[in-house]
Amino acid sequence: MTASLLRREGLVPLLRDLAETLEVVAPILVDGSAVFATWRGEEPALKADNPLNSPVEFFLPKREVLFRYVQYSGRYTFAEEPPKARLIFGMRPCDLRALEVLDRLFGADIPDHPYLARRRSTVVVVLNCTTPGERCFCGFLGSGPAAVGGYDLLLTDLGRGYLVEAGSPAGVFILQAHRCHFEEPLPEDHLEKERLLAGAEEELRGRRPALSPEVLKRAIEETDWEVAGSRCLSCGGCSLVCPVCHCFTVIDQGVPDGERLRCRDSCTLAGFSRMTSGANPRPSLGERLRHWYLDKFVYIPEKTGLFGCVGCGRCSRVCLSDVDRWSLLREGPR
Amino acid sequence: MEMIATTCVYCGCGCGLFIHVEDGRAVGVSPNPAHPISRGRLCVKGWLAADFVHHPDRLRAPLIRRGGRMVRSSWDEALTATAERLKEIRDEAGPGAVAVLTSAKGTNEENYLFAKLARAGLRTNNVDHVARLCHAPSVAGLGAALGSGAMTNPIRGLLSSDAILVTGSNTTEQHPLVAATILEAQSRGAALIVADPRRTQIASLADHRLAPRLGTDVAWINGLLNLIIEGGLADEEFIRERTAGFDALKESVSKYTPEVVEKISGIPPRDLEAAAAAFGEAPRAAVVYAMGTTQHSNGTENVLALANLVLATGNLGREGTGICPLRGHQNVQGACDMGALPNVYSGYQKVEDPAARGRMEAAWGTDLPPAPGLTAVEMMEAAKEGRLKGLFISGENPMMSYPDRGLVGRALESLEFFAVAEIFPTETTALADVVLPAASFAEKDGTFTSTERRVQRVRRAVPPPGEARPEVEVAAALLRRLGVPAEYASPEEVMAEIASVTPSYGGISYPRLGTAGLSWPCPDPDHPGTEILHKESFPIGRARFFPVELLAAGSDPEYPFLLTTGRSLFHFHTGSMTRRTHLLDRELPKPAVEMNPEDAAALGVRSGGRVVVESASGSLEVEARTTDTVPPGTVFFPFHFAEAPANLLTAADLDPRSKIPEFKRTPVRIRRLEG
């Protein structure tokens, strides 16, 4: 059994069963907005915009304790916490693509154990995007609106219920273990899925002209970054909200006992590239913005074969200077 | 992971954000897309707003000074010692010898209870807070001219302005969400006029930039008014129907021809004329101002000049117009609203008004003193002279934030007793007799009132560290020890009491405070709140013009430079939170005085070299940084840094009307430090 149908009214009971053994994370409504948080029995907010806090946060927290250190009689002992067993429900294909990029970065060369441990202990249930958000542009980057692999379970909202497909042994196991919630899909359910996703794809492609990596690279070179930077308010939001951004800094807090923390960093901040002497190879906001784009569209593709941008549109949603970041590349700054 | 919806702790924008909580720890922050101000966006401080919460420096246990050393004590012991010492001093030396300083970082509920502690508990009106150092001139000036000292229009309304005059506000760094709104309005076609001696980011993006000499605001604002009136751009109908005193204003400003203004302020006539046309011709124009306007020894006059400008052009009471004093702290508006001021109860009900006093006496069940008390800086002077002997401070750091640090240090040391409730050790707690560990914004429930009068919820996301407690509990415990009943089961019950005694908060209760909060005045439980003030009439009937004059700017040959102080984007005030936020501190890790390259060359100083800056109040050594964002003759220095406190240099020269000190214009001399 690799595909099943989950009726709408079966969703909450399924999550309730899953939550008995795993921490279930899902988009829920808090104070008027959908956010990814621990699910506590409410109706998941699957129709709302993809939450601003990407579920990638559960693999690479903005602030994580790598270990605690305790000094006793002149000797240090170190304590690490094991990762939680989690199921992330309702992750979108763009965020799944972000995980694939991070897998290639954090799984290569020097493996990043805290990340990989969380990756291993987390079940990923992806929701295909049949109604793309206003600022989304995943269609062009190949990171949506449909997921093509890398998930444990994949849901597509067909209206009368969700078509659920397994993409891993863990996914098959969930379908088996919780079969009471599922029923056999009809052959036309698969056709309906294809029809809905083709519609979403068409809508996304209609929004943006197709640009190749070469064209993107040239657009980055030709953009007047000093003009773009002149209106940037240095909030760092674009890089702090990006599901692919992963740069971090490590700090120790506490003497003699304390914690080694890994915190999200941002290359749009001057201190990120400032050298010990005080000199800075990217002193202006424009130069740092340019660097951010180069990383996404040139450096990360060179390393991983995947774009460092998944088209989720979060950077545009949080931008304080209201720069539509995609238009910036397409048309140059306003 | 839980997501707790709350309100940002930094500036007055009042952004709605989520604190991400994992196992009782704050692990991140993200903006709330449904919130009317943040709209899914935050500034860099907002994104990092919870980073200081679990810092190991947090105060975790009450401390009492014994034999010159701070010793850990129980809460009961610390609270009893505090209440008894203040009571003894009050009984021996009179209620004028004790005072309370509350905190603009605290909630409304805390400010209300600390004001009640002063008035009902200690029987003194000696209660004030840091608003004295920021918008006291707005409360005084706009209160006199319009009848209300608060921002008249909502931040979002700026999107429908046709012209926006920003003066004395480094908006992109100090109120980034307001700046974002202004820049969005500019993109939609609004003319942006920015007056600032420094070329700040918003000044560099202005359509019309005015660069007046420091301290000459009254002259160029009068000059703008003169050109607007002469050019027939005044709103005669508005002036006739809704104001009083225009003729005297017209005569007063007629002296300020573009040539006279140029002589005083250095603004070329064509720049002034272009700005006057842009502002005067706009159907809807708004004025946005902040500390650069108010922190002068003529701060109230600066505010009155701006009030004259919006009144003469009829830019009040409509969408897209208004006068917008941007409040610096996230709850400095609320602290004022709660009556943490020496002359008013909550809702600006005057202590001198027998009817208002009678109502508060009935509500609190006690007699209340009729005469206004001491203002913040006056408290320091009184302490130094021995008239003030006991002080309770909630979350303020006068050693860093008040003018003339030398005077403040002597004042605090002269006190017989003072206690401080704080979240981190500060330069002020170091001198205290009792230190009480307080809960931070992430650890308590309550409300903050933003710069646009929006009352919003603050929610506890994580438990306080160690034995730290929310200050609502501290204030209530002190009130009980002073014999005033104060049994509040929660901050919500405190808000119910606030609503019952404060007409403008009469309709505010926690269940009504949704994502967007409520803007006061909100007099009853069915009232939808008031986003735009003065739509039909002013609280004083007709608004009043107050002519103000400035015909010469002084200079001092002994101190040839003018020092102006302020904040940076990456730090907040005295840095107790931001200097403990790794990314923010890394952005600006050390103090530097900013000077024009021409001045640096004349002094033989290179960028990064050390200089001595001296004023009549004091001197300090600091690194120089050259930048052409400051004009020749002016230097800028932020006051975040304990290792080089800018307020060693500033003087406690007070504006006679509002008692605000002169922070923005201190004559100094500078020399290169050898070696």
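Procedures and definitions
Residues numbered from 1 in each chain as written. Chains lettered and ligands numbered in written order. Predicted model: local features only at pLDDT ≥ 70, side-chain atom pairs only at ≥ 80, totals over all residues. Heavy atoms only, no water. Domains from an automatic or database assignment. Contact = heavy atoms within 4.5 Å. Buried area = accessible area lost by both parts, 1.4 Å probe. Salt bridge = Lys/Arg side-chain N within 4 Å of Asp/Glu carboxyl O. Disulfide = S-S within 2.5 Å. Buried < 20%, exposed > 50% of the residue type's maximum accessible area, 1.4 Å probe, protein only. Polar contact = N/O pair within 3.5 Å; in protein donor to acceptor, adjacent residues only side chain to side chain. Helix = DSSP H or I, 4+ residues; strand = E, 2+ residues; numbered from the N terminus. Pairing = 2+ DSSP bridges. Axes fitted to C-alpha atoms, helices over the stretch in contact; angles between N-to-C directions. Arc of directions from axis to C-beta.

Visitor: Explain the domain arrangement of chain A to me, and be specific about the residues and the numbers.
Guide: All names here are of chain A. Domain annotation for chain A reports domain 1 (3-207) and domain 2 (213-331). Distance from the C-alpha centre of domain 1 to the C-alpha centre of domain 2: 25 Å. If you look at the interface, domain 1 gives 41 residues, while domain 2 gives 38 residues. Carbon and sulfur atoms supply 60% of the area that domain 1 and domain 2 bury against each other, a total of about 3,600 Å² over both sides. At the junction of domain 1 with domain 2, the criterion picks out 4 salt bridges.

Visitor: I'd love a proper account of the state of the cysteines, names of residues and values included.
Guide: For the structure on display, the rule yields 0 disulfides over all chains. Not part of a disulfide, Cys-238 of chain A finds its nearest cysteine sulfur in Cys-235 of chain A, a span of 6.3 Å. The buried category is assigned to Cys-238 of chain A, whose relative accessible area is 5%. No disulfide involves Cys-134 of chain B; its sulfur sits 6.9 Å from the nearest other cysteine sulfur, which is in Cys-336 of chain B. Judged by its relative accessible area of 7%, Cys-134 of chain B is buried.

Visitor: I'd like a description of the interface of chain B and chain A, backed by residues and values.
Guide: In this assembly, 50 residues from chain B lie in contact with 50 residues from chain A. Ranking the residues of chain B by area buried against chain A places Met-1, Trp-47 and Arg-586 of chain B at the top, with a combined share of 17%. The salt bridge partner of Lys-84 of chain A is Asp-23 of chain B, with a shortest N-O separation of 2.9 Å. In this structure, the connection of chain B to chain A is made through 23 residue pairs in polar contact (both at pLDDT 80 or more). Elements represented by at least two residues in the side of chain B that touches chain A include exactly β1 (2-7), β2 (16-22), β3 (25-31), α1 (44-47), α6 (176-187) and α22 (582-587) of chain B.

Visitor: A description of the sheet that holds strand β5 (residues 75-79) of chain A should follow, citing residues and the corresponding values.
Guide: Residues and elements named next belong to chain A. Taking strand neighbours across the sheet as the criterion, the 4 strands line up as β5-β4-β12-β11 in an open arrangement whose pairing is antiparallel. The open sheet has two edge strands with one neighbour each: β5 and β11 (248-253). Taken pair by pair, the neighbouring strands of this sheet meet at an average axis angle of 20°, ignoring direction. When strand β4 (residues 63-72) meets β5, the two strands line up antiparallel, connected through 5 bridges. Across the sheet, the residue bridging to Tyr-72 is Arg-75, located in β5.

Visitor: How would you sum up the domain arrangement of chain B? Please name residues and give values.
Guide: Residues and elements named next belong to chain B. Split by domain assignment, chain B resolves into domain 1 (2-47), domain 2 (63-133 + 330-519), domain 3 (136-325) and domain 4 (561-672). Centre-to-centre, using C-alpha coordinates, domain 3 lies 27 Å away from domain 4. With 24 residues of domain 3 at the interface, the matching set in domain 4 holds 25 residues. Interface of domain 3 and domain 4: buried area, both sides summed, is about 1,900 Å²; carbon and sulfur atoms make up 53% of it. Counting the surface domain 3 buries against domain 4, the share from its top three residues, Arg-198, Leu-214 and Gln-295, is 34%. For the interface between domain 3 and domain 4, the tally reads 3 salt bridges. Among the salt bridges present, the one from Arg-198 reaches Glu-594, with a minimum N-O distance of 4.0 Å. Counting every contact that joins domain 3 to domain 4 gives 12 residue pairs in polar contact (both at pLDDT 80 or more). Those elements that provide at least two residues to the side of domain 3 that touches domain 4 are α4 (136-146), α5 (171-174), α13 (291-294) and α14 (299-312). Among the elements that line the side of domain 3 that touches domain 4, the one with the most residues is α14, at 4 residues.

Visitor: Go over helix α19 (residues 405-414) of chain B with me, naming the residues and quoting the values.
Guide: By the burial criterion, the buried members of α19 of chain B are Arg-405, Leu-407, Val-408, Gly-409, Ala-411 and Leu-412 of chain B. Of the surrounding elements, those touching the buried residues of α19 of chain B are α17 (376-384), β16 (390-394), α18 (398-401) and β17 (417-422) of chain B.

Visitor: Kindly report on the pattern of salt bridges, identifying the contributing residues and their values.
Guide: Scanning the model with the defined rule gives 57 salt bridges over all chains in all. In this structure, the salt-bridge partner of Glu-385 of chain B is Arg-387 of chain B, at a minimum N-O distance of 2.8 Å. The partner of Arg-457 of chain B in a salt bridge is Asp-445 of chain B, and the shortest N-O contact between them spans 3.1 Å. In this pair, Arg-457 of chain B is assigned in strand β20 (residues 454-458) and Asp-445 of chain B in the loop between β18 (434-437) and β19 (446-449), connecting sequence segments 12 residues apart. Judged by relative accessible area, which is 29%, Asp-445 of chain B ranks as partly exposed. It is possible to trace a salt-bridge network through shared partners that takes in Glu-23, Lys-84 and Arg-86 of chain A together with Glu-22 and Asp-23 of chain B.

Visitor: Which residues make up helix α10 (residues 246-253) of chain B, and what values go with them?
Guide: All names here are of chain B. Within the sequence span of α10, burial applies to Phe-246, Leu-249, Ser-252 and Val-253. Along the long axis of α10, the arc covered by the buried residues comes to 125°, so they all point the same way. Residues of α10 that are exposed and point over 90 degrees away from its buried face: Asp-247 and Glu-251. The inward-facing, buried residues of α10 contact α8 (217-230), α9 (236-242), β11 (243-244) and α14.

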